[in-house]
Amino acid sequence: MRVFEDIKTFRAWRQGLGLQGRIGLVPTMGALHAGHLQLVERAVRENDHCVVTIFVNPTQFGPNEDFERYPRDLAADTAMLKAAGVTAVLAPDHKEVYPAEPQFYFNIRQLDKRLCGASRPGHMNGVVQVVSILFNLVQPSHAYFGEKDYQQLRIIQTMAQELHFPVEVVPCPIVREADGLAMSSRNRYLDPTARQQALALSTLLREVKERKVELSTPEAALAYVQKRLADFPLVQLDYFEILSGETLEPIPDVAPARQPHAFMAAYLGKTRLIDNMPL
Ligand code: AMP
């Protein structure tokens, strides 16, 4: 497995692979866990070569977010990726990716108006910016994204389609801990008490799904979640929303034809966690 920190050397290597064959890309911010590995193992299986990028992208973090303290562990990450059969890792410095202040800003018309797009201004611009850069550098035929970041996935799918990137975006299901907590690099911030209460996200999403007959409108589901949060005093709700899983627009009820999808974000102290579930 090759590990590139330098973009120029990576591009020369990529050119050597030529334009034939299937190249799978898995973009990550590192601090890898089994959720990432699911994407990687699938990309290894389904392609001639799998390229994993490890890049904590500064442009998708807000000024008061955790860019500085985001976990970084390149040695452990590359050991895992080598064992998984990855061909190459690109882990560039942010000064190489953004030699100057970026001049282009992506203004998304609809898909980022709610959920994380609304509560993290500028975040989805940063995501689209870095993914388009990575698509240009790696030139993958297939790119693997987790449903854990469902809004990000919908935005990238739409971007690839609308801007005619010759890349097939492959969605991958959420990988959870045995007790239901969605795996996340940020879970390592949690102390044991916070880790226990972090179960609020997966638990309440599941409860809303199980009760969708009585909680048949987004308002009823939200009221239920707010009431249930009394049992999770460390959890501060950022949002709980039920939207169309297709358009990410509000829906009046959870009839199956509307593809109802529940989304939740919450803080445990300074740690912000997200989760989602189709109803
Ligand atoms: P990140 O390193 O957090 O930017 O994540 C890199 C990719 O891994 C994204 O496409 C995420 O959606 C995906 N991912 C992260 N955690 C999980 C998980 N628990 N299950 C499935 N995919 C995940």
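Please refer to the structure placed before this passage.
Now for a quick tour of the structure. (Residues numbered from 1 in each chain as written. Predicted model: local features only at pLDDT ≥ 70, side-chain atom pairs only at ≥ 80, totals over all residues. Heavy atoms only, no water.)

So, the overall build of the protein
Within the protein, the regular secondary structure consists of ten helices and nine strands. Relative to the 2.2 N^0.38 estimate, which gives 19 Å for 279 residues, the radius of gyration of the protein is 19 Å and therefore close to what a compact globule would have. Dimensions along the principal axes, computed over C-alpha positions, put the protein at roughly 60 × 40 × 40 Å. Taking the contacts inside the protein whose residues are at least 6 apart along the sequence as the reference set, 73% of them involve residues at least 24 apart. Only carbon and sulfur atoms are counted for the fraction: they give 52% of the accessible area of the protein, which is about 13600 Å². Across the protein, the 30 positively charged side chains and the 32 negatively charged ones have centroids separated by 1 Å. (Helix = DSSP H or I, 4+ residues; strand = E, 2+ residues; numbered from the N terminus. Rg over C-alpha atoms; globule rule 2.2 N^0.38 Å. Contact = heavy atoms within 4.5 Å. Areas by Shrake-Rupley, 256 points an atom, 1.4 Å probe, with all protein chains shown as cover. Lys, Arg positive; Asp, Glu negative; His and termini not counted. Charge placed at Lys NZ, Arg CZ, Asp CG, Glu CD.)

Side note on the nonpolar core
In this structure, Phe-10, Val-131, Phe-135, Phe-145, Ile-156, Tyr-239 and Phe-263 are the most contacted members of the largest nonpolar core, which totals 42 residues. Here this core takes nine residues from helix 6 (residues 123-138), the largest share from any one element. Beyond its immediate stretch of four places on either side in the chain, Phe-135 contacts Leu-25, Pro-140, Ala-143, Phe-145, Ile-156, Met-159, Ala-160, Phe-165 and Val-167. (Core = buried A, V, L, I, M, F, W, Y, C linked by side-chain atoms within 4.5 Å. Buried < 20%, exposed > 50% of the residue type's maximum accessible area, 1.4 Å probe, protein only.)

With respect to the layout of surface pockets
Of the volumes computed, that of the second largest pocket is approximately 280 Å³. Looking at the second largest pocket, the residues that line it are Phe-106, Asn-107, Ile-108, Arg-109, Gln-110, Leu-111, Val-128, Ile-155, Thr-158, Met-159, Glu-162 and Leu-163. Looking at the lining of the second largest pocket, the element that brings in the most residues is helix 7 (residues 150-162), giving four residues. Each residue belonging to the lining of the second largest pocket can be placed in one class, and the counts come to seven nonpolar, three polar and two charged. (1 Å grid on protein atoms, 1.4 Å probe; cavity = no way out; pocket = protein on both sides within 12 Å on 5 of 7 lines; lining within 4 Å. Points joined across faces, edges and corners; volume = space filled by probe spheres on them. Nonpolar A, V, L, I, M, F, W, Y, C, P; charged D, E, K, R; others polar.)

Focus: the packing of aromatic side chains
In this structure the tally under the stated criterion is eight aromatic pairs. Geometrically, the ring pair formed by Phe-10 and Trp-13 is tilted, given 5.6 Å between the ring centres and 40 degrees between the ring planes. Highlighted residues: Phe-10 and Trp-13, both in helix 1 (residues 7-17), separated by three residues, approximately one helical turn. Neither Phe-10 nor Trp-13 differs from the other in exposure class; each is buried. Pairwise contacts between aromatic rings join Phe-4, Phe-10 and Trp-13 into one cluster. Sitting over the ring of Phe-67, Arg-72 keeps its end group 5.0 Å from the ring centre. (Phe/Tyr/Trp six-rings, centres within 6.5 Å; stacked < 30°, edge-to-face > 60°. Lys NZ or Arg CZ within 6 Å of the ring centre and 35° of its normal.)

Some words on the sheet that holds strand 7 (residues 235-244)
Overall, antiparallel pairing links the three strands, which are arranged 7-8-9 in an open sheet. Looking at the sheet topology across the chains shown, the edges are occupied by strand 7 and strand 9 (271-278). Going across the sheet, the axis of each strand differs from the next one's by a mean of 15 degrees, ignoring polarity. Sheet topology places strand 7 next to strand 8 (residues 260-268); nine bridges connect them, and they run antiparallel. The residue bridging Phe-240 from the neighbouring strand is Met-264, located in strand 8. (Pairing = 2+ DSSP bridges. Axes fitted to C-alpha atoms, helices over the stretch in contact; angles between N-to-C directions.)

Some thoughts on the pattern of salt bridges
Summed over all chains, the structure comprises 13 salt bridges. Notably, a salt bridge pairs Asp-275 with Arg-176, separated by 2.9 Å at the nearest N-O pair. Taken together, the residues Asp-275 in strand 9 and Arg-176 in the loop between strand 6 (168-172) and helix 8 (192-197) connect sequence positions 99 residues apart. In this structure, Arg-228 engages Glu-207 in a salt bridge whose closest nitrogen and oxygen atoms are separated by 2.8 Å. Here Glu-207 lies in helix 9 (residues 199-210) and Arg-228 lies in helix 10 (residues 218-228), a separation of 21 residues in the sequence. No difference in accessibility class separates Arg-228 from Glu-207, as the two residues are buried. (Salt bridge = Lys/Arg side-chain N within 4 Å of Asp/Glu carboxyl O.)

Some remarks on the packing of helix 6 against helix 7
Running from N to C, helix 6 and helix 7 cross one another at 50 degrees; their axes reach a closest spacing of 11 Å. By the angle class used here, helix 6 and helix 7 are oblique. In this structure, the crossing between helix 6 and helix 7 has a hand that is right-handed. Along the contact surface, helix 6 presents Met-124, Val-127, Val-128, Val-131, Ser-132 and Phe-135, while helix 7 presents Gln-151, Gln-152, Ile-155, Ile-156, Met-159 and Ala-160. (Parallel < 35°, antiparallel > 145°, perpendicular 65-115°, else oblique. Left-handed = near helix turned anticlockwise from the far one by under 90°.)

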